[in-house]
Each structure stands twice: as C-alpha cells, then as structure tokens.
There are 2 protein chains.
Amino acid sequence: MKLSQTGELSLIELIRDRFREKSRGVIVGIGDDAAVIKPPDKNLLVTTDTMVEKFHFDLSFITPYQLGFKLVSVNVSDIYSMGGKPLFLLLNISAKKNTEMTFIDSFFDGLRDSMDRYGVNLIGGDLSSSYRDMTLSATVLGVAKRPIRRSGAKIGDKIYISGNIGDSACGLELLKKIRKPFPFSHPSPSMGKGKGGGEILRGLPWKAIEPLIRKHLLPIAREPKEFASYASAMIDVSDGLLIDLWRLCNESKVGARIYIKKIPLSSELKQAASHLGLSPLKLALSGGEDYELLFTASPKKKVKAIHIGEITESERVIVDATGREKPFTPEGYQHFV
Amino acid sequence: MKLSQTGELSLIELIRDRFREKSRGVIVGIGDDAAVIKPPDKNLLVTTDTMVEKFHFDLSFITPYQLGFKLVSVNVSDIYSMGGKPLFLLLNISAKKNTEMTFIDSFFDGLRDSMDRYGVNLIGGDLSSSYRDMTLSATVLGVAKRPIRRSGAKIGDKIYISGNIGDSACGLELLKKIRKPFPFSHPSPSMGKGKGGGEILRGLPWKAIEPLIRKHLLPIAREPKEFASYASAMIDVSDGLLIDLWRLCNESKVGARIYIKKIPLSSELKQAASHLGLSPLKLALSGGEDYELLFTASPKKKVKAIHIGEITESERVIVDATGREKPFTPEGYQHFV
C-alpha cells in the first residue's frame, strides 16, 4: 500500500486516530485550520527545524522509525537549550506519492516514542507531495520560567558541556562506511548483546561501534535540569562545538578559551576514530548532532557538568596539551557552504 | 552571488538585519535556539503550511517576490479562518546551494510586504540546503477571542462564501498556457493599464486575464471581520469549494445543500474559462487557492456575504439551475492522490 492509495484526507484521519489523546491545554488539535491552545502562563517558546533527505538523512542507513524519533529530538533540543519544557509539536511532511505506508507507519512509531519520552503532544501540521526528496519539518512549542539565551555569557564565566561530544559524527562516519541500516528502536546500547557481532568492520568490536551509531541514529535531547536555574548562556551542540561556541560568543559579544585536554571524548570514539584513521578531537570539535548542552555559568556556581574553558573578553582560542594557545574558527556544519 | 558564497551564518545575519524591528510581545526573536514570546491572554492559534516546488509553485511563472508574498497569505488564511488575528511567523527554507542571492532578496521583499499587510512579525525559522527542489514552510501564531472551528455548523444554518471563487484556478490555467512570469508586486489589478496588452492570448483581453493571474500569484487572505462574531463554523477555500465544504461537513457531522446559481463567479472567470474551453463552474467548485472564507451562520443572523446554501442533516447535494439535486463528492486538490 502506498501513500497514493491512501490519499491526504485518509492519512490525516489515520494521524488523528493515532495521536488522538487530548492533552492538557489543547483546545483544538489536529484537523482544523489551526490548532488552538490555552496560552501558558510562562514565556512561550517556539522553534522549528527541517530535515532534508540527502542532507540531514540518508535513507540507505536510517530507518523510518529512527527518522521520526530523531526529528522530535532535534526540535526538543532547541527548547531544552533555552532552559524550557517542550509541550506541543506540529509536523510538516513532504513525501513522494509512492512512499510505502509501512514507511509512514514506522515513522509515526518513532515519532510517537520520541514524543512520549519528552512529554510532547502532536497538535497539527501539513502533508504534501514532493517530487523527489523527502522534507520533514517540525515546530515545537514550549514554556520556560527563565529563558536562557545565547547572549548572557559574561567575561570570567566558566564554559561547560553536558556530556561527550564527537560520538554522533563518528557514528555517521561508521554508517557511511558500513552503509546498511541498524533497526535499533531504543536509544540505550544493548551492551554488546544482540545482533551485530565483530564482523561488521574488521578489527573494531561491536561494543565500540554500537553506542556511536546509536547516538547518531537515535539522539536524545539533553534535558537541562539543574543547569536551567543558573546557566548564564546556553546553546545545544547541533552543528559542532566550535561553530556553536562561536555563535554563543557572537551573541554574548565575548571571547572564549577552551582546553583540548578537557574536551570529553568517549573511549568508543577514540577507538573507532583511530580505526577509521580520523582524529577523535576533530570529530568532537567540528562534528555535529551530539545534542549536548554547551553553557556558561558564573565561577561561583557549583556545576554538575564538564568544565572545558572560560569566557574571555574577545580572543577565541583553544589551548593544546602543551599549553599553547591557537585561535579557533567556526568549524562545523553550515548550510549552503 | 549565490547562497553558497553567502553561507548559512551570513544569511541568518542578513535576515536579522532585514526583519530586525522589535515587535510587541517578542522577548527573543531571530537568532537564538528558540523564539520567546510573551504568552497572549487569549486563545493561542498555531498553523503551518508547506509549499513544495513543482507541486505548489512553478518557478517558470511565479516570481520570488510573489512566492514570498503567497507563502505568508496561505498561512495567514488559516488563522483568519479560525476567526483569529495573526501575530508571528517562523520560516523554513530549503534551497539549493546555487540559488541566486537576488532570488532570496526578492523573496524576502515579498515576504516583508505580505507580513506588513497582515501585521505579522518574523521571529524565527530554519535554513537548510536542498539537493533539488525548493521547499518552503511557514508557521504562523495568532490569537482568537472565540476560535471558529470547522465543527460548529448546525442543521438549518445557512452557508456563505466571502467572495468569488474559481479565479485563482483559472489564473493557474492561464499561466500554464502562457508560461511566463508577470512580475506584479501588488495584489490590486492595474485595471487594464500597464504592460500586457491583448496579445498574450489571442482573443482574450488583458483586462480579463490580469485579475485572474494576479489572484493566483498574489492571493490575499480574507479577513473575517464581522463574520468572526457570528459564524458557527468556518474554513478557508484553499483546496476547492467542494472538498473544503466536505471537510466542514465531516467535522460538524452534518450535510449540505448548495445552489449552482448562487455560486459567485466573476465575469473575468466566465470570459477566460470559456476562451480556454473550461467550465467556470467546475473551476469554482473544484479549483483551489482562492482563500475566500466558507462559513455557516444561523438563519437569524444578518450576514454580509454571499449565501450559497444551507446545512442539512446528512445529504450532501448540489442543486442545478433546473432545481434538480445531485450528490457531490469531495472534489478538489488532495495530496498524494
């Protein structure tokens, strides 16, 4: 069964059935000209992100389930990085008429699981045909008591990251080499259990491969939790540490000094990158899609995150293992370039 | 100069500069992970619509200015059809790297003029590369004191339409025949003045052609005004009168009887359709993109709109000039089919 046999009207009915549950605050959900929600009593956050076939995803190695899951994570990450709580989602799909309904079904499974994880409800969207590639957009609405902007970093603030970076970029490199899908439907690694085995890439154990490709295929947006109460500026690492730190510095009109030896690299990243002949550090500095939070906080705060540097007046430098400083540039993913 | 020479970071800066003005209620606008707005005190409306190259627009006869203008109108129409007031816009563009910056510039001019017309402010969005076709999405947020749903029509209510329909579909047919752009940048016809002349389609005067193609290229969303206070159900005619009336009936769980002789057809539509060998009535019933409002109201109300029929218990019929009733089906534009 293909989309062309289902048609737009029936697909909307199918979506309404699957995502029917009435959530708090929704006055009109899917199926009218616009969704209607009870206005929240706190600051309203709105963000939107698009994923384009061949640029953001390759259907030869991401499954439709993972695509749906990831689309939500990517958008929720932008709400989390403002110190907010995500609430509602709108979904725009443009797909070819001959898309299989089984594809659409699995995509919705992933979307649903991801939405449930973050406590988000689908309230609307738009379906349309595309001639060739698939384009997916999501818009997420949320709330924040105190929105954390990119522009709040002060000279002397410390710079933190919420977890390991570079894993997702290394996962992508592995997938490009292996070129087959791994139908994971859960973000936690199976710790070496299950299918896969050591034969996928000669000399690289499944234990090293799995967490990296899983992080790329099923990323989890990092909830800010305690950081939200004291971070002075925050951004999510979606395009790469250096480019995203650059953006934070631009908005805050400050500089930054970060230390190579403080950048958190997972043992799997080191092992797999070395196997691929890539620099784990380069993947960590310029690779995107880790969806960790990069934030700054006053040095007086006790912070439960990884300290990687400090905010300076204007110079933007990276300090190597020998203590030598080198200016950095906004390396990372930038569209159109 | 192409997008690839500008790059995503510079394009975002360019957009911020052009759409900088701070509007009421915007706490954080373009350039952070999410926009932050002061929650409105009335019902919050959210809608999103996508326009895909080759399905929704053909760059061989729509100019970038018109594309930007139309993208806003199409989305605002969904807010108007809920009886709401549009406030904020988010924009998603996926475009090829070799898109000319002059194209982007004109697109923004159209976007700006349309936003100004509706009193809408740009607060965010997403830019990304596409491999082939251009995909544009917009999300519009608005407010409504009393949102008018599709589901409120009652048996015995009268059915109204806010203006002529079929013009846009006929305009599209003309454009498909003429296959060249008309760089209009204002929605009001020049009333036969200006370039064009009678030679574009032999035997069809420019006076008949112009309002139709203008309505297709630069549609204006119809503000509900007084209807908003008494309409029992409302929808905008975006995909065609019959399909949109069908949707309204489905949501209200009612039927409808409409009268062919009451359907408002412009003299230009009659003239041009006859010239093209098309039925003006068919264009009016099944053609989309007029963005007029189709609504129902109690027969007790004095309504300043065109009465075309009434809500029935369940039958859905169209009455021809001789008084004969014929069931109608949801004809009009449906994606994937």
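Computed from a predicted structure; not experimentally measured. (Residues numbered from 1 in each chain as written. Chains lettered and ligands numbered in written order. Predicted model: local features only at pLDDT ≥ 70, side-chain atom pairs only at ≥ 80, totals over all residues. Heavy atoms only, no water.)

A. Geometry of a positive patch on the surface. All names here are of chain A. Judged by side-chain charge, Arg 24, Lys 38, Lys 42, Lys 85 and Lys 145 come together as a positively charged surface patch. Secondary-structure assignment places Lys 42 in the loop between strand 2 (35-37) and strand 3 (43-52). Owing to a relative accessible area of 35%, Lys 42 belongs among the partly exposed residues under this scheme. (Patch = residues over 30% accessible without salt bridge, like charges linked within 9 Å, V, L, I, M, F, W, Y side chains within 5 Å. Areas by Shrake-Rupley, 256 points an atom, 1.4 Å probe, with all protein chains shown as cover. Salt bridge = Lys/Arg side-chain N within 4 Å of Asp/Glu carboxyl O. Lys, Arg positive; Asp, Glu negative; His and termini not counted. Charge placed at Lys NZ, Arg CZ, Asp CG, Glu CD. Helix = DSSP H or I, 4+ residues; strand = E, 2+ residues; numbered from the N terminus. Buried < 20%, exposed > 50% of the residue type's maximum accessible area, 1.4 Å probe, protein only.)

B. Layout of the side chain of Asp126(A). Note on placement: Asp126(A) falls in strand 5 (residues 121-129). Buried and unpaired, Asp126(A) has no salt bridge, with Arg247(B) as the nearest side chain of opposite charge at 8.3 Å. For Asp126(A), the side chain forms a polar contact with the main-chain nitrogen of Thr50(B), separated by 2.7 Å. Residue contacts for Asp126(A): discarding those within four places in its chain leaves Leu91(A), Asn92(A), Ile93(A), Thr48(B), Asp49(B) and Thr50(B). (Polar contact = N/O pair within 3.5 Å; in protein donor to acceptor, adjacent residues only side chain to side chain. Contact = heavy atoms within 4.5 Å.)

C. Quick peek at the packing of aromatic side chains. Counted under the stated rule, the structure contains 20 aromatic pairs over all chains. Between the aromatic rings of Phe227(A) and Phe295(A), the centroid separation amounts to 4.5 Å while the plane-to-plane angle is 25 degrees, which identifies the pairing as stacked. Of this pair, Phe227(A) sits in helix 6 (residues 227-230) while Phe295(A) sits in strand 10 (residues 293-297), and the two are 68 residues apart along the sequence. Judged by relative accessible area, which is 6%, Phe227(A) ranks as buried. Look at Trp246(B) and Phe328(B): their rings are 6.0 Å apart centre to centre, the planes differ by 70 degrees, and that puts the pair in the edge-to-face class. Linking Trp246(B) in helix 7 (residues 241-252) with Phe328(B) in the segment after strand 13 (325-327), this pair joins segments that are 82 residues apart in sequence. A connected cluster of aromatic rings, assembled from ring pairs, spans Phe19(A), Phe107(A) and Phe108(A). Taking NZ or CZ as reference, Lys262(A) lies 5.8 Å from the ring centre of Tyr259(A), over its face. (Phe/Tyr/Trp six-rings, centres within 6.5 Å; stacked < 30°, edge-to-face > 60°. Lys NZ or Arg CZ within 6 Å of the ring centre and 35° of its normal.)

D. Fine view of the relation of the copies chain B and chain A. Once chain B has been moved 0.0 Å along the axis and rotated by 180 degrees, it coincides with chain A to within an RMSD of 0.0 Å. Overall, the copies show the geometry of a two-fold rotation axis. Minimal C-alpha separation from the rotation axis in chain B is found for Pro39(B), amounting to 2.9 Å. Interface overlap between copies: 100% of the residues of chain B at the interface are likewise at the interface in chain A, consistent with a symmetric, same-surface contact. (Least-squares fit on C-alpha atoms with pLDDT ≥ 70 in both.)

E. Geometry of the interface of chain B and chain A. Between chain B and chain A, the residue contacts involve 70 residues of the former and 71 residues of the latter. In terms of surface lost to chain A, no three residues of chain B exceed Leu9(B), Asp33(B) and Phe336(B), which account for 15% of the buried area on that side. Our enumeration of links across chain B and chain A arrives at 10 salt bridges. Note that Arg16(A) and Glu251(B) form a salt bridge whose closest N and O atoms lie 2.6 Å from each other. Among the elements that line the side of chain B that touches chain A, the one with the most residues is strand 3 (residues 43-52) of chain B, at nine residues. By residue class, the composition of the side of chain B that touches chain A is 31 nonpolar, 21 polar and 18 charged. One ladder, built from three bridges, connects strand 3 of chain A with strand 2 (residues 35-37) of chain B; its direction is antiparallel. The residue of strand 2 of chain B that forms the bridge with Val46(A) is Ala35(B). (Buried area = accessible area lost by both parts, 1.4 Å probe. Nonpolar A, V, L, I, M, F, W, Y, C, P; charged D, E, K, R; others polar. Pairing = 2+ DSSP bridges.)

F. Seen up close, the pairing of strand 7 (residues 158-161) of chain B. All names here are of chain B. Sheet topology note: the strand 7/strand 10 (residues 293-297) ladder contains four bridges and is antiparallel. Within the sheet, the bridge partner assigned to Ile 161 lies in strand 10 and is Leu 294. Bridge count between strand 7 and strand 11 (residues 306-312): four bridges; the pairing is antiparallel. What sits directly across from Ile 161, in strand 11, is Ile 306.

G. Structural view of helix 7 of chain B. With 12 residues, helix 7 of chain B extends 16 Å between its outermost C-alpha atoms, agreeing within 8% with the 16 Å of an ideal straight helix rising 1.5 Å per residue. Trailing helix 7 of chain B by a residue or two, Lys253(B) shows a phi angle of about 55 degrees, which is positive. (Expected span 1.5 Å × (residues − 1).)

H. Quick look at the nonpolar core. If you look at the biggest cluster of nonpolar residues, it comprises 68 residues, and the most contacted ones within it are Phe108(A) and Leu174(A). Ranked by the residues each element gives to this core, the list is headed by helix 2 (residues 64-80) of chain A, at nine residues. Residues in contact with Leu174(A), not counting those within four places in the same chain, are Leu201(A), Leu204(A), Ile209(A), Leu212(A), Ile213(A), Ala272(A) and Leu276(A). Judged by nonpolar contacts, the second largest core, of 65 residues, contains Val36(A), Met51(B), Ile178(B) and Leu269(B). (Core = buried A, V, L, I, M, F, W, Y, C linked by side-chain atoms within 4.5 Å.)

I. Broad picture of the sheet that holds strand 2 of chain A. Strand order in this open sheet of six strands is 1(A)-2(A)-3(B)-6(B)-4(B)-5(B), and the pairing throughout is mixed. The open sheet has two edge strands with one neighbour each: strand 1 (26-28) of chain A together with strand 5 (121-129) of chain B. Neighbouring strand axes in the sheet, compared pairwise and without regard to direction, differ in orientation by 20 degrees on average. Sheet strands in contact with helix 1 (residues 3-18) of chain B are strand 4 (85-95) and strand 5 of chain B, and its direction is about 160 degrees off that of strand 5 of chain B. (Axes fitted to C-alpha atoms, helices over the stretch in contact; angles between N-to-C directions.)

J. The sheet that holds strand 7 (residues 158-161) of chain A, seen in detail. All names here are of chain A. An order of 8-10-7-11-9-12-13 is seen for the seven strands of this open sheet, with the pairing classed as mixed. Two strands close off the open sheet at either side, each with one partner strand: strand 8 (233-236) and strand 13 (325-327). Taken over all neighbouring pairs, the strand axes of this sheet differ in orientation by 25 degrees on average, direction set aside. Sheet topology places strand 9 (residues 255-259) next to strand 12 (residues 316-319); four bridges connect them, and they run parallel.

K. Molecular detail of helix 5 (residues 206-217) of chain B. All names here are of chain B. Helix length check: helix 5, at 12 residues, gives a terminal C-alpha distance of 16 Å against a target of 16 Å (1.5 Å per residue), a fit within 8%. The buried fraction of helix 5 amounts to 11 of the 12 residues, a majority that puts the element mostly inside the structure. Along helix 5, the residues that are buried comprise Trp 206, Ala 208, Ile 209, Glu 210, Pro 211, Leu 212, Ile 213, Arg 214, Lys 215, His 216 and Leu 217. Next to the buried residues of helix 5 lie helix 2 (64-80), helix 4 (167-178) and helix 8 (267-276).

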